[in-house]
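# Residue-level structural notes
Residue-level listing of the chains:
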Amino acid sequence: MRDAYLIGAGQSDFGAFPDESYRSLFRTAFEEMVESVPDGISRDDIDEAYIGMVSIGGRQIGLPGPAVTEHVGLDGIPCVRLENACAASGYSIRQAIQAVRSGMADVALAGGTEVMNDLGRDRARYWLGVSGEMEWERMAGTTFSGVFAQMASAHMNEYGTTREQLSHVAVKSHEHGAKNPHAHLGYECSLEDAESAPTIAAPLGLYHCCPMSDGAASVLIASEDVVDDYTDDPIRVAGAGASSGGIGLFERDSYTSIPATKQAAESAYEEAGMAPEDLDFAEVHDCFSIAEVIAYEDLGFCEPGEGGAFAESGETRLGGDLPVNTSGGLKSKGHPIGATGASQMVEVFEQLSGHAGDRQVEDATVGLAHNIGGSGGAATVHILEKEGSA
Ligand SMILES: CC(C)(COP(=O)(O)OP(=O)(O)OC[C@H]1O[C@@H](n2cnc3c(N)ncnc32)[C@H](O)[C@@H]1OP(=O)(O)O)[C@@H](O)C(=O)NCCC(=O)NCCS
């Protein structure tokens, strides 16, 4: 297999944009991505495209991929929409990497886009709900907040994790998101703000939940044969892992771990020949604060049960040993579900290119991105490395 490289990445602002279309948001992301390629790129160089989109609200549920690429002047190339709930564009990236590694494409685009705020709240929750386990969770009335609340309660019961530790995750996410000009909720929050906010699904409060966001993100993956045409500082895909299963919580052995994340991480670390200690930073899927705590454990950043204490320790803040979600994460940057996986890769690109501004991790050379769908029924883990830095 050939090596694959990340050569460009861009995203729109994330926020509530009920009057925008998924296509216009994607155009903004696409244009920022084209600008980001160090030595420039022409549309004609892009061989294939994979677009992540859940089609919340049912808009363009057939052919949304070509509808997006046509809008940015990429008609005439193979394009497909990928759907894997909130992991839709994590999987787009995986497909683009496969296309490039296999030799079918020299440059492949992977992106995602979603508009969620033009629906009433109940309809938006319906469309989110159908991305979870339908028969026994959604049809029984459970929302995603409810499912993650069950995971939080289980984690608290099993390990003694506290609600305040979850609030530390939120405070850190907002601290980072306040430095990200694209963030939906780009302001700081105090521990007191997080602790005193209204309950959404006990034990989770407002600041333990991601918002409903609109936005788009897009990245370019190039082969080792052409990467020198686009950059002198290549960022290599060192490891790509993915897995699926356990869509409903009741399918899992435990509520306090996500098997798909563990399996995807194992593959990615093995392929990269790396361990968690080799990472300089990580973007993890924090749709709810408990998801970030569980991700710390499943990705091997700490032992099972220690995620809450790890959050409280400050090691995951900028300046800590392993900064996590320097973008602000889903909590502060926002979570337009089809776009999230690609936007995590935007942060990885900016960090490894040294263009993350106030959020820059010093000497960042290896970064990880972790994206899950639903409550963890599908997961991707990608490890990227600035070449020549190992
Ligand atoms: C948390 C949630 C229930 C709040 O929804 P809501 O009560 O309808 O809130 P609104 O969007 O009307 O916003 C009300 C206020 O709260 C703020 N707000 C909304 N979500 C917020 C969040 N997660 N954190 C902090 N503030 C938030 C808004 O900015 C707004 O502030 P303002 O009054 O100062 O303008 C909703 O965002 C939600 O369901 N989030 C989870 C989405 C989800 O499940 N995604 C898939 C994950 S797998």
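Right above here is the structure, for reference.
What you are looking at is a predicted structure, and each value in this text was computed from that prediction instead of being measured.

Looking now at the pairing of strand S8 (residues 235-244). Of all 10 residues that make up S8, eight are buried, and the element is covered over most of its length. Pairing geometry for strand S1 (residues 4-11) and S8, over two bridges, is antiparallel. Residue pairing across strands places Leu6 opposite Ile235, the latter belonging to S8. Pairing of S8 with strand S11 (residues 378-386) involves nine bridges; the strand directions are antiparallel. Bridge pairing in S11 links Ala242 to Thr380.

With 16 residues, helix H6 (residues 144-159) extends 22 Å from end C-alpha to end C-alpha; this agrees with the ideal 22 Å at 1.5 Å per step. Listing the buried residues of H6 in full gives Phe144, Ser145, Gly146, Val147, Phe148, Ala149, Met151, Ala152, Ala154, His155 and Met156.

A word on the site of the ligand. Neighbouring residues of the ligand: 17 residues in total, closest Arg121, Leu206, Cys209, Cys210 and Lys331. Between the ligand and the protein, one listed contact pairs a nitrogen atom with a backbone N or O atom of Cys209 at 2.7 Å. A total of 920 Å² of accessible area belongs to the ligand in isolation, and the protein chains cover 66% of it. Ranked by the residues each element gives to the shell around the ligand, the list is headed by helix H4 (residues 121-129), at three residues. Looking at side-chain class alone, the shell around the ligand contains 13 nonpolar, one polar and three charged residues.

With 14 residues, helix H9 (residues 259-272) should reach 20 Å at 1.5 Å per residue; the first-to-last C-alpha distance of 20 Å fits that figure. Of the residues making up H9, those classed as buried are Ala260, Thr261, Ala264, Ala265, Ala268, Tyr269 and Ala272. Looking straight down H9, one finds its buried side chains confined to an arc of 150°; they lie on one side. Of the residues in H9, the exposed ones pointing more than 90 degrees away from the buried face are Glu266 and Glu270. Looking at the buried residues of H9, the elements they touch are S8, helix H10 (289-298), strand S10 (366-373) and S11. Gly273 sits one or two positions beyond H9 and adopts a positive phi of about 65°.

All right, on to the sheet that holds S1 then. Read across the open sheet, the nine strands follow the order S3-S2-S4-S7-S1-S8-S11-S10-S9; overall the sheet is mixed. A single partner strand is all that each edge strand has here, and the edge strands are strand S3 (79-82) and strand S9 (281-283). For this sheet, the mean inter-axis angle between neighbouring strands, taken without regard to orientation, is 25°. Seen against the sheet, helix H1 (residues 22-36) touches S1, strand S2 (48-52), strand S4 (107-114) and strand S7 (215-223) and runs at an angle of roughly 40° to S7. Sitting on the sheet, helix H2 (residues 64-71) touches S2, S3 and S4, and the angle it makes with S3 is about 125°.

Glancing now at the nonpolar core. As a rule of thumb, soluble globular proteins bury nonpolar side chains together. The biggest cluster of nonpolar side chains holds 58 residues, and the ones touching the most others in it are Phe148, Leu299, Phe301 and Ile383. The residues that make up this core include at least three from each of domain 1 (4-119 + 212-235) and domain 2 (130-211 + 238-386). Not counting chain neighbours up to four residues away, the residues in contact with Phe148 comprise Leu204, Cys287, Phe288, Ile290, Ala291, Ile372, Gly374 and Ser375. Core analysis: the next-biggest nonpolar cluster, separate from the first, contains 33 residues, Ala99, Ile221, Ala240 and Ala342 among them.

So, on to a negative patch on the surface. On the surface, Asp39, Asp228, Asp229, Asp232 and Asp233 cluster together into a patch of negative charge. Within the fold, Asp228 resides in the loop between S7 and S8.

Here is what the cut-offs are and how they apply
- Residues numbered from 1 in each chain as written.
- Predicted model: local features only at pLDDT ≥ 70, side-chain atom pairs only at ≥ 80, totals over all residues.
- Heavy atoms only, no water.
- Buried < 20%, exposed > 50% of the residue type's maximum accessible area, 1.4 Å probe, protein only.
- Helix = DSSP H or I, 4+ residues; strand = E, 2+ residues; numbered from the N terminus.
- Pairing = 2+ DSSP bridges.
- Expected span 1.5 Å × (residues − 1).
- Near = heavy atom within 4 Å.
- Polar contact = N/O pair within 3.5 Å; in protein donor to acceptor, adjacent residues only side chain to side chain.
- Areas by Shrake-Rupley, 256 points an atom, 1.4 Å probe, with all protein chains shown as cover.
- Nonpolar A, V, L, I, M, F, W, Y, C, P; charged D, E, K, R; others polar.
- Arc of directions from axis to C-beta.
- Contact = heavy atoms within 4.5 Å.
- Axes fitted to C-alpha atoms, helices over the stretch in contact; angles between N-to-C directions.
- Core = buried A, V, L, I, M, F, W, Y, C linked by side-chain atoms within 4.5 Å.
- Domains from an automatic or database assignment.
- Patch = residues over 30% accessible without salt bridge, like charges linked within 9 Å, V, L, I, M, F, W, Y side chains within 5 Å.
- Salt bridge = Lys/Arg side-chain N within 4 Å of Asp/Glu carboxyl O.
- Lys, Arg positive; Asp, Glu negative; His and termini not counted.
- Charge placed at Lys NZ, Arg CZ, Asp CG, Glu CD.

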